[in-house]
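What the coordinates show
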Amino acid sequence: MPNILIIDDDQSSSRTLKLHFSSSGFDVKTAASADEGLDVLLANPIDVVVSDIRMPGRDGLSLLTDIRRERPDVPVIMITAFHDLDSTVAAMQGGAIDYITKPIDLDDLEAAVDKALRMRVESDGDALLVEGGDEAATIIGRTRAMKNVFKSIGMVSQSNVTVLILGESGTGKELVARAIHKAGPDADKPFVAVNCAALVETLLESDLFGHEKGAFTGAVNARRGKVDLAGEGTLFLDEIGELSPRMQGKLLRLLEEREYTPVGGTHAKISSARFVAATNVDLAQKVTDGEFREDLYYRLNVFSIDLPPLRERQEDIPLLVEHLLKRINKENHKSIRRVPGNVMDRLVGYAWPGNVRQLENVLIKAVVMSQGDILHLAQLPDEMLEGAAESDGELANEDRLASDSATLSLKDIEREHILSVLESTDWHKGKACEILGTSRPKLDRRIKEYGLKPRMAVNGGMGK
Ligand SMILES: Nc1ncnc2c1ncn2[C@@H]1O[C@H](COP(=O)(O)OP(=O)(O)OP(=O)(O)O)[C@@H](O)[C@H]1O
Ligand SMILES: [Mg+2]
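Since the structure is predicted, the reported quantities are computational estimates derived from the model, not experimental observations.

Right, let's get into the site of ligand 1. What surrounds ligand 1 is a group of 19 residues, the closest being Ile-140, Gly-170, Lys-173, Arg-357 and Glu-360. Lys-173 is positioned with one of its side-chain polar atoms (N or O) 2.8 Å from an oxygen atom of ligand 1. Within the contact set of ligand 1, an oxygen atom lies 3.0 Å away from a backbone nitrogen or oxygen of Leu-175. The protein chains hide 88% of the 630 Å² of surface that ligand 1 would expose on its own. Of all elements in the fold, only helix 7 (173-183), helix 13 (317-332) and helix 15 (355-369) reach the threshold of two or more residues within the shell around ligand 1. Taken together, the residues of the shell around ligand 1 break down into six nonpolar, six polar and seven charged.

So, on to helix 3 (residues 60-70). Of the positions making up helix 3, those classed as buried are Gly-60, Leu-61, Leu-63, Leu-64, Asp-66, Ile-67 and Arg-68. The secondary structure elements touched by the buried residues of helix 3 are strand 1 (3-7), helix 2 (34-43), strand 3 (48-52), strand 4 (76-80) and helix 4 (85-93). A distance of 3.2 Å separates the backbone nitrogen of Leu-61 from a side-chain oxygen at the start of helix 3, and that oxygen is part of Asp-59.

Further remarks concern the pairing of strand 1. The buried count for strand 1 comes to five of five residues, which makes it a mostly enclosed element. Judged by which residues are buried, strand 1 turns out to be covered on both faces: Asn-3, Leu-5 and Ile-7 on one side and Ile-4 and Ile-6 on the other are all buried. Where strand 1 and strand 2 (residues 27-31) come together, five bridges link them in parallel fashion. Following the sheet pairing, Ile-7 is matched in strand 2 by Ala-31. Between the parallel elements strand 1 and strand 2, the chain passes through helix 1 (residues 11-23) in a crossover that is right-handed.

Rules behind the numbers
Residues numbered from 1 in each chain as written. Chains lettered and ligands numbered in written order. Predicted model: local features only at pLDDT ≥ 70, side-chain atom pairs only at ≥ 80, totals over all residues. Heavy atoms only, no water. Near = heavy atom within 4 Å. Polar contact = N/O pair within 3.5 Å; in protein donor to acceptor, adjacent residues only side chain to side chain. Areas by Shrake-Rupley, 256 points an atom, 1.4 Å probe, with all protein chains shown as cover. Helix = DSSP H or I, 4+ residues; strand = E, 2+ residues; numbered from the N terminus. Nonpolar A, V, L, I, M, F, W, Y, C, P; charged D, E, K, R; others polar. Buried < 20%, exposed > 50% of the residue type's maximum accessible area, 1.4 Å probe, protein only. Contact = heavy atoms within 4.5 Å. Pairing = 2+ DSSP bridges. Right-handed = clockwise from strand over helix to strand, strands pointing away.

So this is what it looks like as structure tokens:
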């Protein structure tokens, strides 16, 4: 019978887990704090630990460090807040074998426990300590594909291996590259991005490798290249698929031998940077077509991270909307706090060919146009409103107003108008009456007649 230790300060969650694992044939021990957990672990034969990260007193990450030191053979699975990239990365770096996000899916947890038990035999007990770097860029995502991305960031950030990030444009490739850098031991060293799609090959070469004085017309002074500027930090090679054949050769030398020569220079220099490359083109296809060197492709593709397009992770859209709105509000001194259900439906249902970047741009435009604190349907671009009324019967009336106003009755328009006034006044009926030029009893009758109700705020309200 395998022994499992569950460390969680939340009694009810701990009880649920105990019940579940007992009925699955485990011998279950529980502890309500990090210190108690460590005591139980040291006093009992334990095969696997499941620990919450956030606990009063000492947190799960600091406990993880102790467990790796005292009992390096015992696999630990951490439980993190669902979109907390920082603690997830820290947990993976701290030597957790896996992590599960809240709310806990018992099947996921059990699969992780099974895997941990199987891997136990092969465990090498290498402990990676968590150090600093706690302000990793926030990457939003709760879908399985994004959780895998988080895991990859956690795993790869500790090594110096070359990483290739693949994904359509706007899926967050640069964000992930920065997260890898920030989560690594050289986070305090520079992160330097180079766009490999430069139009003029020699400019790219000089941008990357620098040039000597007089190397070409206009090279009045010598200049350091970005490889040099990156030092022991990260060199982010963006749009790597656009490299010319000659530059592909030079890059291969950089990746393989760590050598490069400034334009007009005679001596090779050595780089100690970590290389992270990104592309939105199908590199394997380019290799097949003879447009991209196979040897460079293999050199780049040591560890790749695939970013899913936004349309394949619709579940993440409401979270992204909330996250991006907060940022956009701040940058534009606006305070959009509510996204009505029908607007959110439209955002979630859209195909987003430009992915998160396009979502961000749509939200920026909408926020800039808006007056009150509500994001209105009419502020979305036309192409998002087309063909909705017929295809989607459950959408609210105001959808039809925006997309198909010709078929609207006066009643529909009145209903829409009253609702939007109510929403813009936060359902303050007195103010709404003033704006509508009507009396309170009349307004109440209309509310009843049209069945108007306040709509839910995004995720229970943003900062209100
Ligand atoms: N998962 C995410 N969570 C939060 N913000 C995101 C996420 N993905 C992308 N973004 C935001 O979307 C925008 C585009 O991301 P980024 O520039 O990293 O994409 P990209 O894949 O490099 O795009 P391109 O191919 O156009 O260069 C940025 O503002 C970024 O902060
Ligand atoms: Mg980019």
